[in-house]
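Given next are the chains, with one letter for each unit.
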Amino acid sequence: MKVLLFNGSPHKQGCTYTALCEIQNTLKEEGIDSEIYQIGIKPIGACRACYACGKIGRCVIDDEVNPFLDYAKDFDGFIFGAPVHYASACGGATAFLDRAFFTAFQSGRGEIFLHKPGAAIASARRAGTTATLDQLNKYFTITQMPVISGRYWNMVHGANAEEVKQDLEGMQNMRILARNMAWHLKCREAAEKAGVQLPKQEETVFTNFIR
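The following refers to the structure shown.

1. A closer look at the overall build of the chain
Move 1: Scanning the chain from N- to C-terminus turns up 7 helices and 6 strands.
Move 2: Of the accessible surface of the chain, which amounts to about 11600 Å², a share of 53% is contributed by carbon and sulfur atoms.
Move 3: Separation of charge centres in the chain, based on 23 positive and 22 negative side chains, amounts to 2 Å.

2. Focus on unusual backbone geometry
Apart from glycine, the bulk of residues carry a negative phi angle, and the bulk of peptide bonds sit in the trans form.
Move 1: Here alanine 49, not a glycine, exhibits a phi torsion of approximately 55°, which is positive.
Move 2: On the basis of relative accessible area, alanine 49 is assigned to the partly exposed category, the value being 48%.

3. Looking at helix α4 (residues 91-106)
Move 1: With 16 residues, α4 ought to run about 22 Å at 1.5 Å a step, and its terminal C-alpha atoms sit 22 Å apart, in line with that.
Move 2: Glycine 108, located one to two residues past α4, shows a positive phi value of around 80°.

4. Brief notes about the pattern of salt bridges
Any two side chains of opposite charge can pair, so long as their charged atoms come close to each other.
Move 1: Going through the model one piece at a time under the given rule, you end up with 11 salt bridges.
Move 2: Residues lysine 165 and glutamate 162 are paired through a salt bridge, measuring 3.3 Å at the closest nitrogen-oxygen approach. Pair noted here: lysine 165 and glutamate 162 are both in helix α6 (residues 161-166), with a separation of 3 residues, about one helical turn.
Move 3: What you see here is one network of salt bridges that share partners, running through Arg58, Asp70 and Arg109.

5. Re the nonpolar core
Move 1: Formed by 32 residues in total, the largest nonpolar core has its most connected members in Phe6, Phe68, Phe80, Phe96 and Phe113.
Move 2: Breaking this core down by element, the ones donating at least two residues are β1 (2-7), α3 (65-72), β3 (77-85), α4, β5 (118-124) and α5 (129-141).
Move 3: Residues within four places of phenylalanine 68 in sequence aside, it is in contact with Leu4, Phe6, Tyr37, Phe80, Phe96, Ala100 and Phe113.
Move 4: Among the nonpolar cores identified, the runner-up in size contains 21 residues, and Leu5, Cys15, Leu20 and Ala119 belong to it.

6. Overview of the packing of α4 against α5
The geometry of a pair of packed helices is captured by two quantities: the angle between their axes and the separation between those axes.
Move 1: At a minimum axis distance of 11 Å, the contact between α4 and α5 shows a crossing angle of 15°. In terms of axis orientation, α4 runs roughly parallel to α5. For the element pair α4 and α5, the recorded crossing hand is left-handed. Seen from α4, the contacting residues are Thr94, Leu97, Asp98 and Phe101; seen from α5, they are Gln135, Leu136 and Tyr139.
Move 2: Residue composition of the contact of α4 with α5, by class: 4 nonpolar, 2 polar and 1 charged.

7. Re the environment of threonine 18
Move 1: Among the structural elements, threonine 18 can be located in helix α1 (residues 15-29).
Move 2: Taking the relative accessible area as the measure of exposure, threonine 18 reaches 8% and is therefore buried.
Move 3: The spatial distance from the C-alpha of threonine 18 to the C-alpha of alanine 52 is 37 Å, given a sequence separation of 34 residues.
Move 4: Those residues in contact with threonine 18 that sit more than four places away from it in its chain are Ala161, Val164, Lys165 and Met171.

8. Some points on the environment of glutamine 13
Move 1: Along the polypeptide, glutamine 13 turns up in the loop between β1 and α1.
Move 2: In this structure glutamine 13 comes out as exposed when scored by relative accessible area, which is 57%.
Move 3: Placed 147 residues apart in sequence, glutamine 13 and asparagine 160 show a C-alpha to C-alpha distance of 9.4 Å.

9. A closer look at helix α7 (residues 168-193)
Residues spaced three or four apart along an α-helix point in a common direction, a consequence of the helix completing one turn every 3.6 residues.
Move 1: An ideal rise of 1.5 Å per residue puts 38 Å on 26 residues; α7 measures up with 38 Å between its terminal C-alpha atoms.
Move 2: Taken together, the buried residues of α7 touch β1, α1, β3, β5, β6 (155-157) and α6.

About the cut-offs
For every chain, the first residue of its written sequence is number 1, and the numbers climb from 1 along that sequence. Only residues with pLDDT of at least 70 get local features here, since the model is predicted, and only at 80 or more are side-chain atom pairs given and counted; chain-wide, interface and lining totals rely on the full set of residues. The side-chain quantities take in all heavy atoms of the structure and omit both hydrogens and water. Each helix is a run of H or I in the DSSP string that is no shorter than four residues. Each strand is a run of E no shorter than two, and both are numbered from the N terminus. Per-residue and other accessible areas were derived by the Shrake-Rupley procedure at a 1.4 Å probe size, with only the shown protein chains allowed to occlude residues. His is not counted, nor are the chain ends, whereas Lys and Arg count as positive and Asp and Glu as negative. Working definition for charges: the position is that of NZ of Lys, CZ of Arg, CG of Asp or CD of Glu. Residue burial is assigned from relative accessible area. The probe radius is 1.4 Å, only protein chains are included, and a residue is buried under 20% of its type maximum, exposed over 50%, and partly exposed in between. An expected span of 1.5 Å times one less than the residue number is assigned to each helix. Each salt bridge in this description consists of a side-chain nitrogen of Lys or Arg and a carboxyl oxygen of Asp or Glu lying within 4 Å of one another. Buried Ala, Val, Leu, Ile, Met, Phe, Trp, Tyr and Cys residues form a nonpolar core when they are joined through side-chain atoms within 4.5 Å. For this analysis, residues touch if any pair of their heavy atoms sits within 4.5 Å. Throughout, an axis means a line fitted to C-alpha atoms (over the contacting stretch in the case of helices), and angles, computed between N-to-C directions, take values from 0 to 180 degrees. Each angle gets one of four labels, with under 35 degrees taken as roughly parallel, over 145 as roughly antiparallel, 65 to 115 as roughly perpendicular, and the rest as oblique. The sense of a crossing depends on the near helix, which, turned anticlockwise from the far helix by less than a right angle, makes the crossing left-handed and, turned clockwise, makes it right-handed. As a working rule, the residues Ala, Val, Leu, Ile, Met, Phe, Trp, Tyr, Cys and Pro are called nonpolar, Asp, Glu, Lys and Arg charged, and the rest polar, with Gly in that last group.

In C-alpha cells, the structure reads:
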C-alpha cells in the first residue's frame, strides 16, 4: 500500500512540506509506503473549460498535470497539502488540482481517484486554514473518495518550517491523520480479501437548472 503526499506549495521544504514529512514518518511506522510529490515553481495553467480532455484523454495544456495523473494511478491513497494564500489554497495548487481531477473524470480515468481515501492539510501563518480545507475536501467528495480526518482540523501554523515544528498540536494531528489513513487502507485491504465489492456505479446524470 502506498500513499501520495502532494506538496502544493511553491516552497520545496517549507511549512507544508514539514507537515507532510511528519505524516510520512508516521505512515512508515504503520508499514505504509509514501512519496512526496512536489508541485514546484513552474507555471501551472488554469483550466480552460474546453472539454478537450474528454475527447483526447489528456489535458491540452502542456505542463505537469498529465505526468502527475500517469504517476498517481499507482497509489492507494492521497494527502493533498497546500499553504494558505489570501484565505484559500495557493493559486498553483488550485489550478493544478482543478485540472487533475477534471481531466481524470472527463477522460474516463476516474479510477485514479475513485473510492481511494483522500485527506487535505493546510499550512498558514495565522488564518484561512478552514476555508482552504473546505476547498480541498471538495475534490474528494465530488470524486467519491472517503475523506480521512484527524482529531482536529488538519492544519499547522507557522511562518516557516521551524515555527511549524513548534506547533505541537498541529504536528500531533498530522500523526493522527497518518494513522487514520493507514487504518483505512488496512481495512480496505482486508475487505477486498474478504470479497467485499466496491459500490455499484451508475451512469452519471446531469441536470441543468435552466432549460
